[in-house]
Amino acid sequence: VAKLSDAAIAECVAERAQREDCCKLGWCVFNWPGNAGAFGGEQAKLLYQRHVVPNRVVVLQAKPEHLIDIRSKRRFPEQGGDVLYPGDDGYDESLPSDPFDSADRTKQRVELYEAKMAEANEEMPLTDFYRFALHAAQYHSLRIHDMVLAMDGTKPAERITKKILNFVQMPLPR
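This structure is a prediction, so every number in the text was calculated from the model and none was measured.

A. Geometry of unusual backbone geometry. Of note in the backbone geometry, H51 takes a positive phi value of approximately 65 degrees without being a glycine. One can find H51 in the loop between α3 (38–49) and β1 (57–61). Classification of H51 by relative accessible area gives exposed; the value is 70%.

B. Expanded view of the side chain of R75. Along the chain, R75 turns up in the loop between α4 (64–73) and α5 (103–120). No salt bridge is formed by the buried R75; the nearest opposite charge belongs to E93, separated by 4.1 Å. Within the structure, R75 has its side chain in polar contact with the backbone oxygen of K73 (distance 3.5 Å).

C. Summary view of a negative patch on the surface. Together, D82, D88, D89 and E158 give the surface a local cluster of negative charge. Within the secondary structure, D88 sits in the loop between α4 and α5.

D. Summary view of the nonpolar core. A10, V13, A14, A17, W32, L46, L47 and V52 form the largest nonpolar core, which has 8 residues in total. Breaking this core down by element, the ones donating at least two residues are α1 (6–17) and α3. Counting residues per element, this core draws most heavily on α1, at 4 residues. Setting aside its immediate chain neighbours within four residues, W32 contacts D6, I9, A10, V13, Q43 and L47.

E. Expanded view of a nonpolar patch on the surface. A cluster of nonpolar residues, V58, L60, L165 and V168, forms a patch on the protein surface that exposes about 300 Å² of accessible area. Those elements that place two or more of their residues in the nonpolar patch are β1 and α7 (157–169). With respect to the element layout, L60 can be found in strand β1.

F. A look at the pattern of salt bridges. Evaluated as defined, the whole model comprises 9 salt bridges. The salt bridge partner of R16 is D21, with a shortest N-O separation of 2.8 Å. According to the relative accessible area criterion, R16 is partly exposed, its value standing at 33%. D21 sits in the partly exposed class, given a relative accessible area of 36%. Between R74 and D101 there is a salt bridge, and its shortest N-O distance comes to 2.6 Å. Taken together, the positions of R74 in the loop between α4 and α5 and D101 in the loop between α4 and α5 put the pair 27 residues apart, joining distant regions of the chain.

The rules we used
- In this convention, every chain numbers its residues from 1, walking through the sequence in written order.
- Per-residue local features are limited, in this predicted model, to residues with pLDDT of at least 70; the limit for side-chain atom pairs, both in listing and counting, is 80 or more; totals at the level of whole chains, interfaces and linings are taken over all residues.
- The side-chain values count all of the structure's non-hydrogen atoms but skip hydrogen atoms and water molecules.
- Runs of H or I in DSSP of at least four residues are treated as helices and runs of E of at least two as strands, each being numbered from the N terminus.
- We call a residue buried when its accessible area falls under 20% of the maximum for its residue type, exposed when it is over 50%, and partly exposed in between, using a 1.4 Å probe and counting protein chains only.
- When charges are counted, Lys and Arg are positive and Asp and Glu negative, with His and the chain ends excluded.
- Counted as salt bridges are all cases of a side-chain nitrogen of Lys or Arg within 4 Å of a carboxyl oxygen of Asp or Glu.
- By the criterion applied in these results, polar contacts are pairs of N or O atoms within 3.5 Å in which, for protein atoms, one can donate a hydrogen and the other can accept it, and in which residues neighboring in sequence qualify only through two side-chain atoms.
- Each patch is assembled from residues with relative accessible area greater than 30% and no salt bridge, linking like charges that lie within 9 Å and nonpolar side chains (Val, Leu, Ile, Met, Phe, Trp, Tyr) that lie within 5 Å.
- Only the protein chains shown count as cover for residues, and all accessible areas are computed by the Shrake-Rupley method using a 1.4 Å probe.
- Where a charge sits is defined by one atom per residue type, namely NZ (Lys), CZ (Arg), CG (Asp) or CD (Glu).
- Only buried residues count toward a nonpolar core, which is a set of Ala, Val, Leu, Ile, Met, Phe, Trp, Tyr and Cys residues joined through side-chain atoms within 4.5 Å.
- Any two residues having at least one pair of non-hydrogen atoms within 4.5 Å are treated as being in contact.

Now the structure itself:
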């Protein structure tokens, strides 16, 4: 499987985000750019260099222990459909899981992420980068803290969804 370079992905995102429908209705990118560090910070800078700066950024935060725990418990219905977590209707621990979701594999991924962060010696979290980029780009007269939402990703999904929808639907500050 060929992997696209960050520059190629940034070019695709930039081209799409600058189309008329995205300019009018907005756009959303999930899990890219990554978090801060050499990989995430550079990805975000690639978008910024292409004059693509979001006017809302949502960052869900969770401790590694929580990520390991919840990922190792998720299950996949045999007939397809949404991923199930403990507490969801239809959740059963005997349902199939993904081998990549095991606690050991997830812990390895978290450790790799933390090693990349340390190797990058990056001091600026992605939320701060976006605050800087938003200010430097076009929103310098706006209250930047109103445009970046960092929240606890371990809260109930309904609560997170409601908070995100309220955040992205509120008018931009003037």
